[in-house]
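Here are the chains, one letter per residue:
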Amino acid sequence: MSFRDLRNFTEMMRALGYPRLISMENFRTPNFMLVSEILLWLVKRYEPQSDIPSDVETEQDRVFFIKAVAQFMATKAHIKLNTKKLYQADGYAVKELLKVTSVLYNAMKTKGLDASNVDEEDVGKFKFDLGSRIGELKAARLLASEITFKGASLYDLLGKEVELREMRTEAIARPLEINETEKVMRIAIKDILEQVQNTKDLLSNVAADEASLDAKIEKRKAELERSQKRLQTLQSIRPAFMDEYEKIEEELQKQYGLYLEKFRNLAYLEQQLDDQHRMEQERFEEAENTLRLMQNKLKEEEKRLLKTGSNEDSDIEIHEDEGSDSEMEDRQLIKQQTAMEMLMQGRPRKRIVGTMQGADMEDDEDSEDSEIDLDDDDEDDEDLEDDSIDISPNKTSRRARKPEPLEESDNDF
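For clarity, every value in this text was computed on a predicted model and none was experimentally measured.

Q: When you look at the overall build of the protein chain in this model, what are you seeing that I'm missing?
A: Scanning the protein chain from terminus to terminus reveals 12 helices and two strands. Scanning the protein chain from its N terminus toward the C terminus, one meets helices and strands in the order α-α-α-α-α-α-α-α-α-α-α-β-β-α. A fraction of 64% describes how many contacts in the protein chain between residues 6 or more apart in sequence connect residues 24 or more apart. As displayed, the protein chain has an accessible area near 33200 Å², and 53% of this comes from carbon and sulfur atoms.

As structure tokens, then:
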């Protein structure tokens, strides 16, 4: 589709007197209703007495409409249309519509030029009305086709004239026999009488069939009335088991309600149980993580104490500063003990209590031991009160010895 074709089509339709204004934007998308309306208008303009169905609601109706228009234009105007492009109803259909509109537009233009050359009186005298002559053209075409058919049949019959002439001559020359004629007439009369008798028999059979059918209809009506009465009686009578059925139905409704309530409660309790298990698991995991962190902190603290103890000079005497150092060590040990107690509270049944006591530094290099007792919940408070951390600093002029590394007592965790 080109812009020039679309412009020419709109101008031609406007010149031909199409009542609706056609825009160039109408054919950018498929618009079958507009295309069908234009085709129908063009067909009516070409031949007002044409019979083209205008129903295009369904797909079959549209296909039939396009075929009818294409056949009409091919037979009447000798214009070949592409049905596929017409069915698309877009810009490609404009080219096919332009074939018909160009013919009508050229005819109108030629007529206008001839009318301009003739005077007004001549125009009124020799005015040619295409609409009034279309019926005559149609009749002339029918007569022409009939003449052609009759001529062909006449030619065939004339070809058989030689044989027919001889037979006709023999029949005319033969004398007429009255006996044979009477015989033929009697046979014809007999055949006609037989046909009449057969017709009467059929009529009588029809009457008998009608009577039998009437009797059957009456019989069926009586059976229908009896069946209706029986149905009414059955509907009016209440069945014996209906009361029991209603009671069972009510009980079933109650049982179903109880079932729904129990099922709902069970589902709720299962959900609560799952939530409780999940919370317990989270608490247990949190306690384990906290315990692991405290173990790591205790190990780091031991390493730090060992490292700081190894860096001290063994010649430094312990005097008044030992009191302050012992206080700091007591505080650290108390903090460690409270941390261990907090950790042990997460355990369900057991607690771990550790005591660390510093002995006097002798020449025999006694090692420091850490004790960890595992007791039940009933004995935890007594163990916590009895076991304490005592650090007895040596106030004599003994020199501080290098502390030996502690045994790894955290393996019990």
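Q: Any chance you could explain the nonpolar core here in plain terms?
A: Burial of nonpolar side chains together is a common tendency in soluble globular proteins. With 34 residues, the main nonpolar core has Phe9, Phe27 and Ile38 as its most contacted residues. Looking at which element gives the most residues to this core, the answer is helix 2 (residues 32-46), with eight residues. In this structure, Phe9 is in contact with Ile22, Phe27, Ile38, Val94, Leu97, Leu98 and Thr101, ignoring residues within four places of it in sequence.

Q: Please clarify how the packing of aromatic side chains should be interpreted in this entry.
A: Aromatic rings considered in pairs are described by the distance between their centres and by the relative angle of their planes. Applying the stated criterion across every chain, the model contains six aromatic pairs. Linked through ring pairs, Tyr256, Tyr259 and Phe263 together constitute an aromatic cluster.

Q: Sorry, what's going on with a nonpolar patch on the surface here?
A: On the surface, Tyr256, Tyr259, Leu260 and Phe263 cluster together into a nonpolar patch covering about 440 Å² of accessible area. On the secondary structure map, Tyr259 appears in helix 10 (residues 242-311).

Q: Is there a simple way to explain unusual backbone geometry in this structure?
A: What you tend to see is this: most non-glycine residues have negative phi, and most peptide bonds are trans. With phi around 55°, His78 is a residue other than glycine that occupies positive phi space. The topology assignment puts His78 in the loop between helix 3 (59-77) and helix 4 (83-88). Its identity is not glycine, yet Ala89 carries a phi of approximately 60°, on the positive side. Mapped onto the elements, Ala89 comes out in the loop between helix 4 and helix 5 (91-117).

Q: Would you mind showing me how to read the pattern of salt bridges here?
A: It is possible for side chains of opposite charge to pair when their charged atoms get near one another. Counted by the stated rule, this structure contains nine salt bridges. Measuring nitrogen to oxygen at the nearest pair gives 3.6 Å for the salt bridge that ties Arg186 to Glu182. Here Glu182 and Arg186 lie together in helix 9 (residues 178-236), a separation of four residues that amounts to about one turn. A residue is classified by how much of its surface remains accessible, and Arg186, at 55% relative accessible area, is exposed. For Glu182, a relative accessible area of 36% gives the class partly exposed. The closest approach of N and O atoms between Glu301 and Arg304, which form a salt bridge, is 2.2 Å. In this pair, Glu301 and Arg304 both sit in helix 10, three residues apart, roughly one turn of the helix.

Q: It is not clear to me how the packing of helix 1 (residues 3-16) against helix 2 should be interpreted in this structure. Could you clarify?
A: Here helix 1 crosses helix 2 at 45°, and the two axes come no closer than 13 Å. When the axes of helix 1 and helix 2 are compared, the pair comes out oblique. For the pair helix 1 and helix 2, the sense of crossing is left-handed. Each of Phe9, Met13 and Leu16 in helix 1 lies in contact with helix 2, whose residues at this interface are Ile38, Trp41, Leu42 and Arg45. Here the contact of helix 1 with helix 2 is built from residues that sort into six nonpolar, no polar and one charged.

Q: Which parts of the structure should I look at to understand the packing of helix 2 against helix 3?
A: The angle between the axes and the distance between the axes are what describe a pair of packed helices. Contact geometry of helix 2 with helix 3 gives a least axis separation of 11 Å together with a crossing angle of 30°. When the axis of helix 2 is compared with that of helix 3, the two are roughly parallel. When the axes of helix 2 and helix 3 are compared, the crossing they make is left-handed. Facing Phe32, Ser36, Leu39, Leu40, Val43 and Tyr46 of helix 2, the residues of helix 3 in contact are Arg62, Phe65, Ile66, Val69, Phe72, Met73, Lys76 and Ala77. Taken together, the residues of the contact of helix 2 with helix 3 break down into 11 nonpolar, one polar and two charged.

Q: Would you explain a negative patch on the surface in this entry?
A: A contiguous patch of negative charge, built from Glu282, Glu285, Glu286 and Glu288, is present on the exposed surface. Secondary-structure assignment places Glu285 in helix 10.

Q: How do you make sense of helix 1 when you look at a structure like this?
A: Residues spaced three or four apart along an α-helix point in a common direction, a consequence of the helix completing one turn every 3.6 residues. Under the 1.5 Å per step criterion, the end-to-end length of helix 1 is 20 Å for 14 residues, consistent within 8% with the ideal 20 Å. Asp5, Leu6, Phe9, Thr10, Met12, Met13 and Leu16 are the residues of helix 1 that are buried. Mapping the buried residues of helix 1 onto a view down its axis gives an arc of 165°, with all of them on the same face. Facing away from the buried surface of helix 1 by more than 90 degrees, the exposed residues are Phe3 and Arg4.

Conventions used here
Residues numbered from 1 in each chain as written. Predicted model: local features only at pLDDT ≥ 70, side-chain atom pairs only at ≥ 80, totals over all residues. Heavy atoms only, no water. Helix = DSSP H or I, 4+ residues; strand = E, 2+ residues; numbered from the N terminus. Contact = heavy atoms within 4.5 Å. Areas by Shrake-Rupley, 256 points an atom, 1.4 Å probe, with all protein chains shown as cover. Core = buried A, V, L, I, M, F, W, Y, C linked by side-chain atoms within 4.5 Å. Buried < 20%, exposed > 50% of the residue type's maximum accessible area, 1.4 Å probe, protein only. Phe/Tyr/Trp six-rings, centres within 6.5 Å; stacked < 30°, edge-to-face > 60°. Patch = residues over 30% accessible without salt bridge, like charges linked within 9 Å, V, L, I, M, F, W, Y side chains within 5 Å. Salt bridge = Lys/Arg side-chain N within 4 Å of Asp/Glu carboxyl O. Axes fitted to C-alpha atoms, helices over the stretch in contact; angles between N-to-C directions. Parallel < 35°, antiparallel > 145°, perpendicular 65-115°, else oblique. Left-handed = near helix turned anticlockwise from the far one by under 90°. Nonpolar A, V, L, I, M, F, W, Y, C, P; charged D, E, K, R; others polar. Lys, Arg positive; Asp, Glu negative; His and termini not counted. Charge placed at Lys NZ, Arg CZ, Asp CG, Glu CD. Expected span 1.5 Å × (residues − 1). Arc of directions from axis to C-beta.

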